[in-house]
Amino acid sequence: MKVKAFTAALAALAVSGAVEAADMGDVETPIRLSLNNWTGQRLSTYIAGGMLEEAGYTVEYVEADQGALYEQIATGELHAMVEIWTTSNPDEYIAAREAGRVEELGDLGLDARNGVVYPPYVAQMCPGLPNWEALRDCAGIFSEGGNGKRGRYLAYPESWGSPGADRIRALDLPFDVVAAESEAAMIEEFQQAYKDKRPVIATFWAPHWAMSSYALQFVRLPKPEPACYSDPSWGPNPKATGDCDFARGGVVKASWSGFKDRWPAAHEILKNYELSIWDQQPLIGLVDVRGETVQGAARGWLAVNRAKWMPTVEEATGKGRS
């Protein structure tokens, strides 16, 4: 009797699993995924797109207008963005999410970090690093020619927002902020600085191959707490908010609010899609250092790591179930 009951339970479980597979929805309409202007995001997107294509969908990869990105997702012109760094305070995204115009699909799984970085040899030129207070006394070494009173601080491209630049200003450090033109321009700055053994300081992030290749070190800023962003009296500068380090993590996926109704199985795939820093960072190196195409690196990862991602597709679609 116990064997029969157990067999019946397994059969019921198998049937319930099949029933729970989501409907494919409108497979005739391509799913439009946003491509943004940094390598990691493009890799995350092509990997997600490969999973959707395996499920049976058609995917279009669309170069995003960074200034209009979240409005395009909210209106359904674009359907999803799979790597949004909420630690960069994307005001347009937060406003669209809170208004219910986009749906957040959960964390991507990257142990991500923004921060203020410098090459290791700079510590010998600026005693007191990695503590941020040291930058008050040695800002001049980061000036053009190294003899000025105010340093030059390299921030993210303007289209990315101002994280890093806002920290420098909130901490009232004597630096003039210059926005990089692109991710590639930031890498070129690090390469030239290393060649010349010249001080450089910038906002940068992990995961990224340059963090390990150039042994970039994070400046130790005041520990972030919620009050840092709302109460000027908190922290070292009583006249400003944001005088602390970046919050860790916070890389999410999001979609058009009508995505789930149009493509239920695709919605489940993107909701459950995760990519670790250990998977993404070597791929960034393949593209940026070895010259592999983003599409080729993503296809290679999908081929080698089928056991990691295929269960997500199978769970959403019922594909491969007996």
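What this report covers is the structure whose coordinates are included nearby. Note that the coordinates shown come from a computational prediction; the quantities given were computed from them, not determined experimentally.

Scanning the protein chain from N- to C-terminus turns up 14 helices and ten strands. Its C-alpha atoms put the protein chain at 80 × 45 × 45 Å along the principal axes. By the burial criterion, 49% of the 322 residues in the protein chain qualify as buried. Here the contacts in the protein chain between residues at least 6 apart in sequence split such that 70% fall between residues at least 24 apart. Accessible surface, the protein chain: about 15,200 Å² in total, of which carbon and sulfur atoms supply 51%. Seen as two clouds, the 30 positive and the 43 negative side-chain charges of the protein chain have centres 5 Å apart.

With that settled, the discussion passes to unusual backbone geometry. Backbone torsion omega between Leu129 and Pro130 reads 15 degrees, so that peptide bond is classified as cis. The topology assignment puts Pro130 in the loop between helix H5 (122–125) and helix H6 (134–138). Following Ala206, the chain continues into Pro207 via a peptide bond in cis, with omega recorded as 15 degrees. Locating Pro207 in the fold gives a position in the loop between strand S8 (202–206) and helix H9 (209–213). Even without a glycine there, the phi angle at Lys197 is positive, about 55 degrees. Looking at the element boundaries, Lys197 is found in the loop between helix H8 (183–196) and S8. Note on Lys197: relative accessible area 47%, which makes it partly exposed. Even without being glycine, Ala215 reaches a positive phi, approximately 50 degrees. By secondary structure assignment, the location of Ala215 is in the loop between H9 and strand S9 (217–218).

Inspection of the entire model under this criterion finds twelve salt bridges. For Glu189, the salt bridge is made with Arg198, and the minimal N-O distance between the two is 3.8 Å. For Glu189, a relative accessible area of 16% gives the class buried. Under the relative-accessibility criterion, Arg198 is labelled partly exposed at 30%.

Rolling a probe over the atoms, with the probe sized like a water molecule, indicates the empty space that remains. The calculated volume of the largest pocket comes to roughly 520 Å³. Lining the largest pocket are 26 residues, with Gln66, Pro90, Ser159, Trp160 and Gly161 sitting closest to its centre. Sorting the residues of the lining of the largest pocket by element identifies helix H3 (69–75), strand S3 (80–85) and helix H4 (91–98) as the ones contributing at least two each.

Scanning the entire structure with this criterion turns up 16 aromatic pairs. Aromatic side chains Trp256 and Trp263 sit 6.3 Å apart centroid to centroid with 65 degrees between the ring planes, which places their arrangement in the edge-to-face category. One aromatic cluster in this structure is built from Trp38, Tyr121, Tyr156, Trp160, Phe190, Tyr194, Phe204, Trp205, Trp209 and Tyr214. Its end group placed over the ring of Phe218, Arg113 keeps NZ or CZ at 3.8 Å from the ring centre. Between the NZ or CZ atom of Arg262 and the centre of the ring of Trp263, over which it lies, the distance is 5.4 Å.

The next point concerns the nonpolar core. Soluble globular proteins tend to pack their nonpolar side chains together in the buried interior. If you look at the biggest cluster of nonpolar residues, it comprises 98 residues, and the most contacted ones within it are Ile47, Leu52, Leu135, Phe175, Phe190, Phe204 and Val219. Of all the elements, helix H2 (residues 39–55) adds the most residues to this core, at seven residues.

This next bit is on the packing of helix H12 (residues 277–288) against helix H13 (residues 294–304). Interaxial distance between H12 and H13 falls to 9 Å at its minimum, and their mutual angle equals 140 degrees. Between H12 and H13 lies a crossing whose hand is right-handed. Contacts between H12 and H13 pair Asp279, Leu283 and Val287 from the former with Val294, Ala297 and Trp301 from the latter. Here the residues of the contact of H12 with H13 sort into five nonpolar, no polar and one charged.

With that settled, consider the state of the cysteines. Within the structure shown, the criterion is met by two disulfides. In this model, Cys126 is linked to Cys138 through a disulfide, with the two sulfur atoms separated by 1.9 Å. One disulfide, between Cys126 and Cys138, carries an S-S torsion of -70 degrees and so falls in the left-handed class. Placement of Cys126 in the loop between H5 and H6 and of Cys138 in helix H6 is noted, with a sequence separation of twelve residues between them. Each of the two residues, Cys126 as well as Cys138, counts as buried. Between the sulfur atoms of Cys228 and its disulfide mate Cys244 the distance is 2.1 Å. Its torsion about the S-S bond being -100 degrees, the disulfide of Cys228 and Cys244 is classed as left-handed. Of this pair, Cys228 sits in the loop between S9 and strand S10 (251–256) while Cys244 sits in the loop between S9 and S10, and the two are 16 residues apart along the sequence. Judged by relative accessible area, which is 0%, Cys228 ranks as buried. The class for Cys244 is buried, based on a relative accessible area of 0%.

Conventions and cut-offs
- Residues numbered from 1 in each chain as written.
- Predicted model: local features only at pLDDT ≥ 70, side-chain atom pairs only at ≥ 80, totals over all residues.
- Heavy atoms only, no water.
- Helix = DSSP H or I, 4+ residues; strand = E, 2+ residues; numbered from the N terminus.
- Buried < 20%, exposed > 50% of the residue type's maximum accessible area, 1.4 Å probe, protein only.
- Contact = heavy atoms within 4.5 Å.
- Areas by Shrake-Rupley, 256 points an atom, 1.4 Å probe, with all protein chains shown as cover.
- Lys, Arg positive; Asp, Glu negative; His and termini not counted.
- Charge placed at Lys NZ, Arg CZ, Asp CG, Glu CD.
- Salt bridge = Lys/Arg side-chain N within 4 Å of Asp/Glu carboxyl O.
- 1 Å grid on protein atoms, 1.4 Å probe; cavity = no way out; pocket = protein on both sides within 12 Å on 5 of 7 lines; lining within 4 Å.
- Points joined across faces, edges and corners; volume = space filled by probe spheres on them.
- Phe/Tyr/Trp six-rings, centres within 6.5 Å; stacked < 30°, edge-to-face > 60°.
- Lys NZ or Arg CZ within 6 Å of the ring centre and 35° of its normal.
- Core = buried A, V, L, I, M, F, W, Y, C linked by side-chain atoms within 4.5 Å.
- Axes fitted to C-alpha atoms, helices over the stretch in contact; angles between N-to-C directions.
- Left-handed = near helix turned anticlockwise from the far one by under 90°.
- Nonpolar A, V, L, I, M, F, W, Y, C, P; charged D, E, K, R; others polar.
- Disulfide = S-S within 2.5 Å.

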